[in-house]
Amino acid sequence: MSVSAQSPTREAALSLMLRQGELTAAQLAETLQVSVQVMRRHLRSLEDEGLVEASPASEGQGRPSNRWRLTSNGRGHFPNGSEHFALGLLSSMTANLPSGMVEELLERQASDKAEDYRKHIGAGTVLERLERLVELRRGEGYVAEFHAEPGQDSWVLSEFHCSVQSIAQQFPCVCDQELELIRQTFPDCKVDRVHWLLEGNQACGFRLTPC
């Protein structure tokens, strides 16, 4: 039985690994409500395509179970926009503009983008505006979600796939722009970075605490 490349289960499995990191076939099967046998066929198909890889892990007594995770190609499976053009442009700007000019331009871009975001998300509570921002970010190619912090008057915005991650690896100043963008979009909140993909975390995370 062949596994369809367009299978919703396959795409859901990739998204789960993007969000949660390493998972066994049994964990994926339980979450997606399919049999372990079906999930293993999906995983082998994804492995053949270079999207996932496995490493053995001891789960107590018995033989080790494979834990599956995305490869770099697997992360690239998610939309990332016209990053090649942006990389070339930033490289040219860095080489030809005075020192500090690129950072100034990125700061200006963050301000303009934040103004646009504020117009789109409108008024309302922090929670209402955050819900609208997440929808906007998803439309831009980010795998974004948020959750309230237990016992705290704060929320964490998580972005598991950054549409500019390849750019940020060469130009980390882009990440500073992203942090400033969130801060200016929510001027009534204290915004801190709590996770960072470039440091090996599973997502970029921003904590928003109303001032």
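Residues numbered from 1 in each chain as written. Predicted model: local features only at pLDDT ≥ 70, side-chain atom pairs only at ≥ 80, totals over all residues. Heavy atoms only, no water.

Peer 1: For this particular structure, what's the right way to read helix α6 (residues 101–121)?
Peer 2: For an α-helix, the turn length of 3.6 residues means that residues three or four places apart are oriented alike. With 21 residues, α6 ought to run about 30 Å at 1.5 Å a step, and its terminal C-alpha atoms sit 30 Å apart, in line with that. The set of residues buried in α6 consists of Val102, Leu106, Ala110, Ala114, Tyr117 and Ile121. Projected down its long axis, α6 carries its buried residues within an arc of 115°, all on one side. Gly122 sits one or two positions beyond α6 and adopts a positive phi of about 65°. (Helix = DSSP H or I, 4+ residues; strand = E, 2+ residues; numbered from the N terminus. Expected span 1.5 Å × (residues − 1). Buried < 20%, exposed > 50% of the residue type's maximum accessible area, 1.4 Å probe, protein only. Arc of directions from axis to C-beta.)

Peer 1: I tried to follow the nonpolar core on my own but got confused; where do I start?
Peer 2: Among soluble globular proteins, nonpolar side chains are generally buried collectively. Within the largest apolar cluster, 26 residues are counted, with the highest numbers of intra-cluster contacts made by Leu133, Leu157, Ile182, Phe186, Phe206 and Leu208. Where this core is concerned, the elements lending two or more residues are α6, α7 (126–139), β5 (155–161), α9 (173–185), β6 (189–195) and β7 (204–210). Once you skip the residues sitting within four places of it in the chain, Leu133 turns out to touch Tyr117, Ile121, Leu157, Ile182 and Phe186. Ala29, Trp68, Leu70 and Phe160 belong to the second largest nonpolar core, which has 20 residues in total. (Core = buried A, V, L, I, M, F, W, Y, C linked by side-chain atoms within 4.5 Å. Contact = heavy atoms within 4.5 Å.)

Peer 1: Honestly, empty space enclosed by the protein in this entry has me stumped. Any pointers?
Peer 2: Unfilled space is identified by rolling a water-sized probe across the atoms. Inspection of the entire model under this criterion finds one cavity of 30 Å³ or more. Computed from the structure, the largest cavity encloses a volume of approximately 100 Å³. Every residue lining the largest cavity is counted, 14 residues in all, and those nearest its centre are Cys162, Cys175, Glu178, Trp196 and Cys204. Those elements giving two or more residues to the lining of the largest cavity turn out to be α8 (165–170), α9 and β7. Along the lines of polarity and charge, the residues of the lining of the largest cavity split into 10 nonpolar, one polar and three charged. (1 Å grid on protein atoms, 1.4 Å probe; cavity = no way out; pocket = protein on both sides within 12 Å on 5 of 7 lines; lining within 4 Å. Points joined across faces, edges and corners; volume = space filled by probe spheres on them. Nonpolar A, V, L, I, M, F, W, Y, C, P; charged D, E, K, R; others polar.)

Peer 1: Which parts of the structure should I look at to understand the confidence of the model for the chain?
Peer 2: Low pLDDT marks regions whose predicted coordinates should not be analysed in detail. Overall, the predicted model of the chain reaches an average pLDDT of 84, with 89% of residues at or above 70. Counting interchain partners and residues more than four positions distant, the pLDDT-below-50 stretch residues 1–5 has seven contacts. (pLDDT = per-residue confidence, 0-100.)

Peer 1: What exactly am I supposed to notice about the pairing of strand β4 (residues 143–148) here?
Peer 2: Two faces make up the sheet, and in a regular strand the side chains alternate between them. One ladder, built from six bridges, connects β4 with β5; its direction is antiparallel. Bridge pairing in β5 links Phe146 to Leu157. (Pairing = 2+ DSSP bridges.)

Peer 1: Help me out: how do you make sense of the side chain of Ser55 in this one?
Peer 2: Summarising the element assignment, Ser55 is placed in strand β2 (residues 52–57). Polar side-chain contacts of Ser55 include one of 3.0 Å to the side chain of Arg69. When residues no more than four places from it in sequence are discounted, the contact partners of Ser55 are Glu22, Ser65, Asn66, Arg67 and Arg69. (Polar contact = N/O pair within 3.5 Å; in protein donor to acceptor, adjacent residues only side chain to side chain.)

Peer 1: Looking at this structure, I do not really get the sheet that holds β4. What am I missing?
Peer 2: Picture the strands of a sheet paired through backbone hydrogen bonds; they go either parallel or antiparallel. If you walk across this open sheet you meet the four strands as β4-β5-β7-β6, and the pairing is antiparallel. Only two strands of the sheet have a single partner each, and these edge strands are β4 and β6. Within the sheet, the average angular offset between the axes of one strand and its neighbour, ignoring direction, is 20°. Of the strand pairs in this sheet, β5 and β7 are connected by five bridges, and their pairing is antiparallel. (Axes fitted to C-alpha atoms, helices over the stretch in contact; angles between N-to-C directions.)

Peer 1: Got a minute to help me understand helix α3 (residues 36–48) in this structure?
Peer 2: In this model α3 runs 18 Å from its N-terminal to its C-terminal C-alpha over 13 residues, within 8% of the 18 Å that 1.5 Å per residue would give. Looking at α3, one finds that the buried residues are Met39, His42, Leu43, Ser45 and Leu46. In an axial view of α3, the angular spread of the buried residues amounts to 160°, which keeps them on one side of the axis. Exposed and oriented more than 90 degrees from the buried face of α3 are Gln37 and Asp48. Immediately downstream of α3, the backbone of Gly50 shows phi near 80°, a positive value.

Peer 1: Honestly, the packing of helix α1 (residues 8–20) against helix α2 (residues 25–32) in this entry has me stumped. Any pointers?
Peer 2: Between two packed helices, what matters for the description is the angle formed by their axes and the separation of those axes. In contact at an axis separation of 11 Å, α1 and α2 are set at 115° when each is read in the N-to-C sense. Between α1 and α2 lies a crossing of right-handed hand. Residues Thr9, Ala12, Ala13, Leu16 and Met17 of α1 form the contact with α2, whose participating residues are Leu28, Thr31 and Leu32. Considering only residue class, the contact of α1 with α2 consists of six nonpolar, two polar and no charged. (Left-handed = near helix turned anticlockwise from the far one by under 90°.)

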